[in-house]
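These are the residues of each chain, in order.
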Amino acid sequence: MTGHDGDTERTFAALPPAHGRGFALTWWGQAWLRALEDAALDSGQVKTGRRIARAGAVGAVSVRPGRITAVVQDHDGTTHRADVLLAELSAEQWDRLLDMAVERAGHVAALLDREMPPHLVEDAASEGIELLPGLGDLEPECDCGAWDHCGHTAALCYQVSRLLDQDPFVLLLMRGRGELALIEDLQDRSAAPVEEAPEPEGVDAAEAYAAGDILPPLPGTAEVTEKPGSPPSLDTEAPPGPGVDPVAVRHLAARTAVEAHRLLADALRRPSERPATVVGLTAAQDAVRLAVDAPDPTLTERLAYGSGRDPQSLADATRAWRIGGAEALSVLEEEWTPSGDTLARARAALASAWDEDERPSLRAKGNRWTAVGAPAQVRLGRDGRWWPYRQERERWVLAGPAALDPATALSSAELSSAEPQR
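Note that the structure is a prediction, hence the values are computed from the model and not measured.

Topic: helix α2 (residues 43–54)
Each turn of an α-helix holds 3.6 residues, which means side chains three or four residues apart point in the same direction. Compared with the 16 Å implied by 1.5 Å per residue over twelve residues, the 17 Å span of α2 between its first and last C-alpha is a close match. Where α2 is concerned, the buried positions are Val46, Gly49, Arg50, Ile52, Ala53 and Arg54. Along its buried surface, α2 packs onto α1 (27–39), β3 (67–73) and α6 (151–166). Count one or two residues on from α2 and you reach Gly56, which has phi positive near 75°.

Description of the packing of α2 against α6
Interaxial distance between α2 and α6 falls to 7 Å at its minimum, and their mutual angle equals 55°. Our classification of the angle between α2 and α6 gives oblique. Here the hand of the crossing between α2 and α6 comes out right-handed. In this structure, α2 uses Gln45, Val46, Thr48, Gly49, Arg50, Ile52 and Ala53 to contact α6, whose residues at the interface are Gly151, Ala154, Ala155, Tyr158, Gln159 and Arg162.

Overview of the sheet that holds β3
Within the open sheet, the five strands sit side by side as β1-β2-β3-β4-β5. Their pairing is antiparallel. A strand with exactly one partner marks an edge of an open sheet, and here the two such strands are β1 (10–12) and β5 (139–142). On average, adjacent strands in this sheet sit at an angle of 20° to one another, irrespective of strand direction. Relative to strand β2 (residues 61–64), β1 runs antiparallel, the two sharing three bridges. Paired with Phe12 across the two strands is Val61, which belongs to β2.

So, the side chain of Thr153
Among the structural elements, Thr153 can be located in helix α6. Among the residues examined, Thr153 registers a relative accessible area of 0% and is labelled buried. Among the polar contacts made by the side chain of Thr153, one reaches the side chain of His149 at a distance of 3.1 Å. Residue contacts for Thr153: discarding those within four places in its chain leaves Ala82, Asp83, Val84, Pro140, Glu141 and Cys142.

How each quantity is defined
Residues numbered from 1 in each chain as written. Predicted model: local features only at pLDDT ≥ 70, side-chain atom pairs only at ≥ 80, totals over all residues. Heavy atoms only, no water. Helix = DSSP H or I, 4+ residues; strand = E, 2+ residues; numbered from the N terminus. Expected span 1.5 Å × (residues − 1). Buried < 20%, exposed > 50% of the residue type's maximum accessible area, 1.4 Å probe, protein only. Contact = heavy atoms within 4.5 Å. Axes fitted to C-alpha atoms, helices over the stretch in contact; angles between N-to-C directions. Parallel < 35°, antiparallel > 145°, perpendicular 65-115°, else oblique. Left-handed = near helix turned anticlockwise from the far one by under 90°. Pairing = 2+ DSSP bridges. Polar contact = N/O pair within 3.5 Å; in protein donor to acceptor, adjacent residues only side chain to side chain.

Below, the structure written as structure tokens:
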């Protein structure tokens, strides 16, 4: 890691108290906490650590290869230095991991966008490279004298799960590679020179006929451009024909180019990598799709009127579409009654996510569960996922992407509600 000495340690300021929210909203943060909770011999110490972290009694967290450190304050005011150790990957393991990442463009794109692609973790594990900690991998050290996880090291782990939610590169730094060095390695591997293909040679028709069914190989698969093309300009001196709105035509042409680019990219993917196709949109749903990134207020007003919405409800609908497509739009506008089994499973998930004295009170109506005394709500989609909502001036608006369990969605809704609204 020569040239990146300042990249081998990061210090994060102390986080505020976490009252009323769950820890670890992302899958990698949840895996981190499972490693703690499954390995700790004393579950009471884990609960103590969770209470300490909720109270905001964990100081600034220092993260470096193989170790995290923080000063943790007890309820009586005494402080302790807590450390948690995690084994670094070897140089050979890092080389194999980066080579695998470069083989799949999606891995590189996600890492460069500061995201942890789940398939990268799975691919690495299949090669014996464990990025996420497993049972017993988080080794505690504390000056309180405990030989296993104590409340102080458990509190540090809970606090780090919040840091992992914000930045998965924290985990990669613990495994031995800083962000700058990692990105530089990825860019170097991705920029390997590509040999130019030789110019195709023509084949004499008589020779081709004489060769019978021996044919030259087909050309290689076409490469998809990074962005869709731009439609031709409509800026001409000729006036538009009767009933033709140039702004609307330009927008439809641009959306058509985007859709054509998406269809081509999907066609060139492997069948297992292709996303589900959105089919059967109603006219009102399609108006929302067209309103996304509409360039002109007049065009937006026309789409709102044509779909039976006012401008505000169309804005809420386009926000939902950007976050989750047609499924998110259906959850925004459709209220339905789930089966008794579905509701029972959701209540069980909520009951197990918090300590009894911290469990939120929810009021259920159909597929919508509203937090009592708080501007937060979760809604159940027909596919079984839960969507977080926050209240804005008597309206409920989508606050973020869906989660697999209601507790995570509710925590996301509460966090969004606490942020200043635009």
